[in-house]
Amino acid sequence: MSNEEQNPYGAAQTAAVNPKRMRTVHLKQFKDAGQKFSMLTSYDAMTAQLFDAAGVEVLLVGDSAANVVMGRSTTLPITVEEMLVFAKSVVNGATRALVVVDLPFGSYEVSPQQAVETSVRVLKETGAQAVKLEGGAARAEHIRAVVAAGVPVMAHVGFTPQSEHAIGGYRVQGRGEAAEALRADALAVEEAGAFGVVMEMVPAEIAAQLESELTIPTIGIGAGAATTGQVLVWQDMLGLGSGRVPRFVKQYANLREVITEAVTAYRADVTAGTFPAAEHTFE
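Residues numbered from 1 in each chain as written. Predicted model: local features only at pLDDT ≥ 70, side-chain atom pairs only at ≥ 80, totals over all residues. Heavy atoms only, no water.

So, on to the nonpolar core. Counting residues in hydrophobic clusters, the biggest one holds 57 residues, and the most contacted among them are Leu59, Val61 and Ile143. Tallying contributions element by element places helix α5 (residues 80-93) first for this core, with seven residues. In this structure, Val61 is in contact with Ser42, Met83, Phe86, Ala87, Val90, Val99, Val100, Val101 and Asp102, ignoring residues within four places of it in sequence. Grouped together as the second largest cluster of nonpolar side chains are 17 residues, Val17, Phe30, Phe37 and Val198 included. (Core = buried A, V, L, I, M, F, W, Y, C linked by side-chain atoms within 4.5 Å. Buried < 20%, exposed > 50% of the residue type's maximum accessible area, 1.4 Å probe, protein only. Helix = DSSP H or I, 4+ residues; strand = E, 2+ residues; numbered from the N terminus. Contact = heavy atoms within 4.5 Å.)

Structure representation (structure tokens):
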């Protein structure tokens, strides 16, 4: 049996980290071993099962479901109840990956106590293993309280979509003098107990500096190649979108074209009366 057959998650990950169930401690082991890990969004059991079988280490039940699943223009309207449905579905499909759930806008900002209550509910009602919340130093006490309550927290700094109106739209964060504020945010969430931190749309040089300075893994999205992990919205990565593709996205397939061609062929067969044929019919 070849090495690839023995280890479907890739030869590069054979030595240090290949557990039966991925946990937060394993992500730290990736960083310490100089290895990389992958993270994709997922919102349902079918994609969770597919991504899990492909070896993706972390599945993020992102509030991006508001955009790519529910058709909303921002992530802001999605509710805790809606996130719970998506999270339960992902947990049902994943057997190995670490499942992390975004806390939606308005469900944690009011106080550390609110953050604890929402986080505990997410883990109790979905079976997920961790939550993610946006914000740096301003959310340090919230992170500290959630971690103290026994819920692992992934932080998110740089461009934070829930704050897009306050930030002034989708723009790179941490350039020039703003780099020190980004650094302070990253250090603050680590000190508060976050097990990892997403850095979104930040200069690659700054991300590389923080990856080397922090002891916890960093996960990049539009942050260059130096981070321990990388995350993408799966619909972006597989070419299902219809709008502009963000610069930081690499499309590994064009499923929009594949699906459109298949559905067009199906409709043509139905309207022509050639489907169902004899082989699709019971006697």
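Now for the UniProt feature "binding site: Mg(2+)" (unreviewed entry) in the protein. Cross-referencing UniProt, the feature "binding site: Mg(2+)" (unreviewed entry) maps to Asp63, Asp102 and Glu134 in the present numbering. On the basis of their most widely separated C-alpha atoms, the annotated residues across 72 residues gather in one place, lying no more than 11.0 Å apart. For the largest pocket, the lining residues drawn from the annotated set are Asp63, Asp102 and Glu134. Assignment of secondary structure puts Asp63 in the loop between β2 (58-61) and α4 (65-68). (UniProt positions renumbered as here; feature names shortened; annotations may be inferred. 1 Å grid on protein atoms, 1.4 Å probe; cavity = no way out; pocket = protein on both sides within 12 Å on 5 of 7 lines; lining within 4 Å.)

So, about the layout of surface pockets. Reported here for the largest pocket is a volume of approximately 1200 Å³. Lining the largest pocket are 44 residues, with Tyr170, Glu200, Asp236, Pro246 and Phe248 sitting closest to its centre. For the lining of the largest pocket, the elements supplying multiple residues, two or more each, are β1 (37-41), α4, β4 (130-134), β6 (196-200), β8 (229-232) and α11 (234-237). Classifying every residue of the lining of the largest pocket gives 21 nonpolar, 14 polar and nine charged. Each pocket or cavity is described by its volume, and for the second largest pocket that value is around 340 Å³. Gly135, Gly136, Gly158, Thr160 and Asp185 are, among the 22 residues lining the second largest pocket, the residues nearest its centre. Elements with a minimum of two residues in the lining of the second largest pocket: β5 (153-158) and α9 (178-192). No other element matches α9, which puts four residues into the lining of the second largest pocket. (Points joined across faces, edges and corners; volume = space filled by probe spheres on them. Nonpolar A, V, L, I, M, F, W, Y, C, P; charged D, E, K, R; others polar.)

Further remarks concern the packing of α5 against helix α6 (residues 112-126). Angle between the axes and distance between the axes: these two values describe a pair of packed helices. One way to put it is that α5 packs onto α6 with a least axis distance of 9 Å and a crossing angle of 40°. In this view, α5 runs oblique relative to α6, as classed from their interaxial angle. Judged by the sense of rotation from one axis to the other, the crossing of α5 with α6 is right-handed. Residues Val80, Glu81, Leu84, Ala87, Lys88 and Val91 of α5 form the contact with α6, whose own contacting residues are Thr118, Arg121, Val122, Glu125 and Thr126. (Axes fitted to C-alpha atoms, helices over the stretch in contact; angles between N-to-C directions. Parallel < 35°, antiparallel > 145°, perpendicular 65-115°, else oblique. Left-handed = near helix turned anticlockwise from the far one by under 90°.)

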